[in-house]
Amino acid sequence: TNTEEENKKLSKEVVSYASIAIFIFLPIFTLFLRFIYMRRSFSYVEHLIFVFHTQTVFFLLSSIFFLLWLATHSANVLAIFVILFLIYLFIAMKKFYRQGVFKTFIKFLMINFVFMIMATIGFTIVALIAFAIY
C-alpha cells in the first residue's frame with residue numbers, strides 16, 4: 001500500500017517533470033500560433049517571445065493566487081485566477097496581434113483548445129515518466 005509520504009514523493013516528481021514538459025511544449029505551441037497568424041508578418045521568434053511573456057504572467061499570477069489560497073483556503077481563488085488569466089490573455093492577443101475583437105476571440109478559443117489538448121498530452125507523458133522512474 002502507498003503511504004502518504006510515497007504519494008507526496010510521486011507528486012513532487014510529477015511537478016518537477018512538468019516544468020520540463022512546459023519548456024518542451026512551448027516551442028511546439030509557438031508553431032501553432034505561427035500557423036494561426038500566418039497572414040501576419042510576425043517571425044517565429046516574435047511569436048515565441050509572446051508565448052514566453054504570457055507564460056511568465058501565468059506563473060506570476062499562479063504564484064500570487066497560490067499564496068492567497070494558502071492564506072484563505074477558499075475554492076474561489078482558482079476560479080478567480082483562471083478568469084483573470086483568460087482576460088489577460090485575450091487582451092494581450094488583441095494588442096500584440098492587432099486584430100479585431102471577433103477575430104481575436106475566435107483565435108483565442110482555438111488557441112485555448114489546442115493548449116488544453118497539448119497540456120493533457122504533456123501531463124499524461126509526464127505522469128507516465130514520473131511513475132516509471134518512481
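As a reminder, the structure under discussion sits directly above these lines.
Residues numbered from 1 in each chain as written. Predicted model: local features only at pLDDT ≥ 70, side-chain atom pairs only at ≥ 80, totals over all residues. Heavy atoms only, no water.

Colleague: Explain the overall build of the protein chain to me, using residue names and the numbers behind them.
Modeller: Looking only at helices and strands, the protein chain features four helices and zero strands. Going from N to C terminus, the protein chain has its helices and strands arranged as α-α-α-α. With respect to the three principal axes, the spread of C-alpha positions in the protein chain is 55 × 35 × 20 Å. Taking all 134 residues of the protein chain together, the buried fraction comes to 28%. (Helix = DSSP H or I, 4+ residues; strand = E, 2+ residues; numbered from the N terminus. Buried < 20%, exposed > 50% of the residue type's maximum accessible area, 1.4 Å probe, protein only.)

Colleague: Report on the packing of helix H3 (residues 76-97) against helix H4 (residues 101-133), specifying residues and quantitative values.
Modeller: Between H3 and H4, whose axes approach to 10 Å, the crossing angle comes to 125°. Considering the angle they form, H3 stands oblique to H4. Relative to H4, H3 is oriented so that their crossing is right-handed. On the side of H3, the interface is formed by Leu86, Leu89, Phe90, Met93 and Lys94, while H4 contributes Val101, Thr104, Phe105, Lys107, Phe108, Ile111 and Asn112. Class assignment of the residues belonging to the contact of H3 with H4 gives a composition of eight nonpolar, two polar and two charged. (Axes fitted to C-alpha atoms, helices over the stretch in contact; angles between N-to-C directions. Parallel < 35°, antiparallel > 145°, perpendicular 65-115°, else oblique. Left-handed = near helix turned anticlockwise from the far one by under 90°. Contact = heavy atoms within 4.5 Å. Nonpolar A, V, L, I, M, F, W, Y, C, P; charged D, E, K, R; others polar.)

Colleague: Can you tell me about a nonpolar patch on the surface, naming the residues and giving the values?
Modeller: On the surface, Phe113, Ile117, Ile121, Ile125, Ile129 and Ile133 cluster together to form a nonpolar patch covering roughly 550 Å² of accessible area. Within the secondary structure layout, Ile121 lies in helix H4. (Patch = residues over 30% accessible without salt bridge, like charges linked within 9 Å, V, L, I, M, F, W, Y side chains within 5 Å. Areas by Shrake-Rupley, 256 points an atom, 1.4 Å probe, with all protein chains shown as cover. Salt bridge = Lys/Arg side-chain N within 4 Å of Asp/Glu carboxyl O.)

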